[in-house]
Amino acid sequence: MYKLIKYMAKDFVKRSENYSEWYNELVVRADLAEQSAVRGCMVIKPYGYAIWEKMQHQLDLMFKATGHQNAYFPLFIPKSFLSREAEHVEGFAKECAVVTHHRLMNDPNGGGVVVDPNAKLEEELIVRPTSETIIWSTYKNWIKSYRDLPILCNQWANVVRWEMRTRMFLRTAEFLWQEGHTAHATREEAEEETRRMLEVYAEFAEKYMAMPVLKGHKSPNERFAGALDTLCIEAMMQDGKALQAGTSHFLGQNFAKAFDVQFLNNQNTLEYVWATSWGVSTRLMGALIMTHSDDNGLVLPPHLAPIHVAIVPICKSDEQQRQLDEHIAPIVKALEAKGLTVKYDNRPEYKPGWKFNEYEFKGVPVRLAIGPRDLEQGTCEVCRRDTLEKANVSIEGIADHVAGLMEQIQANLYKKAADFRASMTRKVDTWDDFKTEIEKNGFLLCHWDGTAETEARIKEETKATIRCIPFDAEEEPGTCIYSGKPSSRRVVFARSY
RNA sequence: CGGGGUGUAGCGCAGUUGGCUAGCGCGCCACGUUCGGGACGUGGAGGCCGGAAGUUCGAGUCUUCUCACCCCGACCA
């Protein structure tokens, strides 16, 4: 029988006391990332990067399974490219890093190195905030005929958006992401692709991150700069705020026209190419952290945990240590045979209690403790991170038991998150209620008249935005929460990250 | 970029109206005792007090400037 353990992390702020401090401290103390010497940029530490690699690996498999190939395009984008698509440049111009020179020289006044004024670039280069422009300038050369289509490329890359206020993983000046860029012969095919990739993101979020997401359209206001339609997945964090976790854009022929990408169709007439782009970033790390973690530290779903099982031996002598090493080796093997990543931590310099806390804070899903008593009884102590329950379990069949626990934990985390989201989602029908309810955060399902003006007013007065217009929204006649004008379905309002 | 706050050992902090050799806790190193939920003892290492300029016999402390980070606003994935 699993029993709850009583324990509180030392010197760790609670979510209920200060949610953002809890988040910041968790990121650092769980060894995920730290502030770098560069403003707005973070160092992703090995443990944090290991989680990102697991995400990358799984997403990459899913991209390949849907027919995509990886490629790589330059970090630098000629300034003139960015201005080819009017909306696009407007969306990104305010947050671009610009390369103006290509050489340094010794300061004639002895102050170290300075920029060499003679090394000014003919055309300035933008550090990519996203790659549509460089990619479509390239696709122009790749596409002549309908036989060249579709092009289904993805790239794993870093991008830079010069942000005023940054938070680790959620918003940093430089971040890691993947960006898919596809080219199609028909509008329908491009729209299908946009939807297909959003479904991939949703599946990834729910199955691997154990994070329920809403799928829907962005309102025109929240659309990607240069897109005709932006689809998104939206998740709810434990403070009830929304987090956009992934987007997939139907770009229409905007970029094809801006970069003059045409193809001959099978009727021998020229047509502009249809485009999509889609991306998720290291922001998913922030989403993962804020979806599951608790006042005792990080909680990771088994599918993304770098370590599945930590094993802590308990002993009083070197002789006992040797016995335990011997006894535990086959257990490690058995667990690994189940595809689990195991960390056997027999470092003598740390005490068991210290190790328990260490692995708990880092979100390792299951911990085993094995000591002299267990040696006699053929048992071990099993503790699960999600519920903080422990039990004594027979060593015989322990690998199956732990493998089963992984499935349970994965499912339980999803269910907990889904239940929380359900409890924080409600329909609101009057403006007065809206103003009260939005203070409690969560998702508010409301009628909206569909105008940008109303959306802007609501944002101004309450800081809430339309997170998405859900795909599965039922047709339901009603009146706009703000203007009272007629509306045919509810949209999701929330305060967001 | 507006308002507020903080910079002193790796981390968290104290440091009085300017005054002697700048402290404390955690962590780190050595040895010993410990080991089933963050052990204890003894000894030790570790500082350009964010940076620059100024006032002063004397600056961690006062003045000016600057840089970085955190919180709250405006902009965004």
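Computed from a predicted model, the values in this text were never measured in an experiment.

1. A word on the protein's contact with RNA strand B
The environment of RNA strand B is formed by 42 residues, the closest being Arg171, Thr172, Arg283, Glu360 and Asp374. Considering RNA strand B, the proportion of its atoms within 4 Å of the protein that are sugar or phosphate atoms stands at 37%. Here a phosphate oxygen of RNA strand B sits 3.4 Å away from a polar atom, N or O, in the side chain of Gln35. One nitrogen or oxygen atom from the side chain of Gln244 is found 2.5 Å from a sugar or linking oxygen belonging to RNA strand B. Only α1 (19–29), α10 (352–361), β20 (366–370), α11 (372–377) and β21 (379–384) provide two or more residues apiece to the surface near RNA strand B. Here the surface near RNA strand B takes seven residues from α10, the largest share from any one element.

2. Quick notes on the layout of surface pockets
In this structure, the largest pocket encloses a volume near 1400 Å³. Contributing to the lining of the largest pocket are 43 residues, with Glu95, Arg161, Arg171, Gln244 and Arg283 lying nearest its centre. Elements represented by at least two residues in the lining of the largest pocket include exactly α4 (86–92), β11 (174–184), β14 (242–252), β17 (274–281), α14 (452–462) and β25 (465–470). Here the lining of the largest pocket is composed, by residue class, of 14 nonpolar, 15 polar and 14 charged.

3. Digging into the packing of aromatic side chains
Within this structure, the stated rule accounts for 20 aromatic pairs. Considering the side-chain rings of Phe73 and Trp142, the 6.1 Å spacing of their centres and the 40 degrees angle between planes classify their relative orientation as tilted. Separated by 69 residues along the polypeptide, Phe73 in the loop between β4 (69–70) and β5 (76–78) and Trp142 in helix α5 (residues 132–142) bring together distant segments of the chain. Classification of Trp142 as partly exposed rests on a relative accessible area of 38%. Relative to Phe493, the ring of Phe434 lies with its centre 5.3 Å away and its plane at 90 degrees, an arrangement referred to as edge-to-face. Here Phe434, found in helix α13 (residues 431–438), pairs with Phe493, found in strand β28 (residues 490–494); they are 59 residues apart in sequence, far enough to count as distant. Residue classification places Phe434 among the buried residues on the basis of a relative accessible area of 0%. Here the aromatic residues Trp52, Phe63, Trp156, Tyr201 and Trp278 are joined through ring pairs into a cluster of three or more. Sitting over the ring of Tyr497, Lys241 keeps its end group 4.4 Å from the ring centre. Between Arg367 and the ring centre of Phe356, over which it is positioned, the NZ or CZ distance is 3.8 Å.

4. What about empty space enclosed by the protein?
Scanning the model with the defined rule gives two cavities of 30 Å³ or more in all. Empty space within the largest cavity amounts to approximately 50 Å³. The wall of the largest cavity is formed by Phe356, Tyr359, Glu360, Val364, Pro365, Val366, Arg367, Cys383, Arg384 and Arg385. No other element matches the three residues that α10 contributes to the lining of the largest cavity. In the lining of the largest cavity, the residues fall into six nonpolar, no polar and four charged.

5. Here we look at the sheet that holds β17
Read from one edge of the open sheet, eleven strands run β4-β10-β11-β17-β14-β13-β12-β25-β28-β24-β23, paired in mixed fashion. Bordering the open sheet on either side are β4 and β23 (425–427), each of which pairs with just one other strand. Sheet topology places strand β12 (residues 214–217) next to β25; two bridges connect them, and they run antiparallel. Paired with Gly216 across the two strands is Pro470, which belongs to β25. Contacts from helix α2 (residues 46–65) reach β4, β10 (151–160), β11 and β17 within the one sheet, and its direction differs from that of β10 by about 160 degrees.

6. Looking at a nonpolar patch on the surface
A cluster of nonpolar side chains, namely Leu104, Val113 and Val115, defines an oily patch on the protein surface of about 280 Å² accessible area. The topology assignment puts Val115 in strand β8 (residues 113–115). For Val115, a relative accessible area of 44% translates into the label partly exposed.

7. As for the sheet that holds β5
Read from one edge of the open sheet, three strands run β5-β9-β6, paired in antiparallel fashion. Pairing within the sheet leaves two strands with one partner each, and these edge strands are β5 and β6 (98–101). On average, each strand axis in the sheet is tilted by 40 degrees relative to the strand beside it, whichever way the strands run. Bridge count between β5 and strand β9 (residues 120–127): three bridges; the pairing is antiparallel. Bridging from a neighbouring strand, Pro78 pairs with Leu125 of β9.

8. Digging into the domain arrangement of chain A
Accessible area lost during the coming together of the parts is what is often quoted as the interface size. We note that the domain assignment places domain 1 (19–292), domain 2 (307–411) and domain 3 (425–494) within chain A. Each of domain 1 and domain 2 was reduced to a C-alpha centroid, and the two centroids are 40 Å apart. Taken together, the contact between domain 1 and domain 2 spans nine residues of the former and five residues of the latter. Buried area between domain 1 and domain 2, both sides added, is near 630 Å², and the carbon and sulfur share of it is 53%. Our count for the domain 1 to domain 2 interface comes out at one salt bridge.

9. Digging into the side chain of Glu437
Among the structural elements, Glu437 can be located in helix α13. For Glu437, a relative accessible area of 18% corresponds to the buried category. Separated by 2.8 Å, the side chains of Glu437 and Lys440 make a polar contact. In contact with Glu437, other than residues within four places in its own chain, are Arg426, Val428 and Leu444.

10. Structural notes on the pairing of β14
Summarising burial for β14: ten of the eleven residues are buried, a large majority. The pairing of strand β13 (residues 229–236) with β14 spans eight bridges and is antiparallel. Residue Cys232 lies in a different strand from β14, and its bridge partner there is Thr247. Connecting β13 to the antiparallel partner β14 that follows it, the hairpin turn spans five residues, and Gly240 within it adopts a positive phi of roughly 85 degrees. Sheet analysis places β14 next to β17, joined by five bridges and oriented antiparallel. Bridging from a neighbouring strand, Phe250 pairs with Thr276 of β17.

Basis of the calculations
- Residues numbered from 1 in each chain as written.
- Chains lettered and ligands numbered in written order.
- Predicted model: local features only at pLDDT ≥ 70, side-chain atom pairs only at ≥ 80, totals over all residues.
- Heavy atoms only, no water.
- Near = heavy atom within 4 Å.
- Polar contact = N/O pair within 3.5 Å; in protein donor to acceptor, adjacent residues only side chain to side chain.
- Helix = DSSP H or I, 4+ residues; strand = E, 2+ residues; numbered from the N terminus.
- 1 Å grid on protein atoms, 1.4 Å probe; cavity = no way out; pocket = protein on both sides within 12 Å on 5 of 7 lines; lining within 4 Å.
- Points joined across faces, edges and corners; volume = space filled by probe spheres on them.
- Nonpolar A, V, L, I, M, F, W, Y, C, P; charged D, E, K, R; others polar.
- Phe/Tyr/Trp six-rings, centres within 6.5 Å; stacked < 30°, edge-to-face > 60°.
- Buried < 20%, exposed > 50% of the residue type's maximum accessible area, 1.4 Å probe, protein only.
- Lys NZ or Arg CZ within 6 Å of the ring centre and 35° of its normal.
- Pairing = 2+ DSSP bridges.
- Contact = heavy atoms within 4.5 Å.
- Axes fitted to C-alpha atoms, helices over the stretch in contact; angles between N-to-C directions.
- Patch = residues over 30% accessible without salt bridge, like charges linked within 9 Å, V, L, I, M, F, W, Y side chains within 5 Å.
- Areas by Shrake-Rupley, 256 points an atom, 1.4 Å probe, with all protein chains shown as cover.
- Salt bridge = Lys/Arg side-chain N within 4 Å of Asp/Glu carboxyl O.
- Domains from an automatic or database assignment.
- Buried area = accessible area lost by both parts, 1.4 Å probe.

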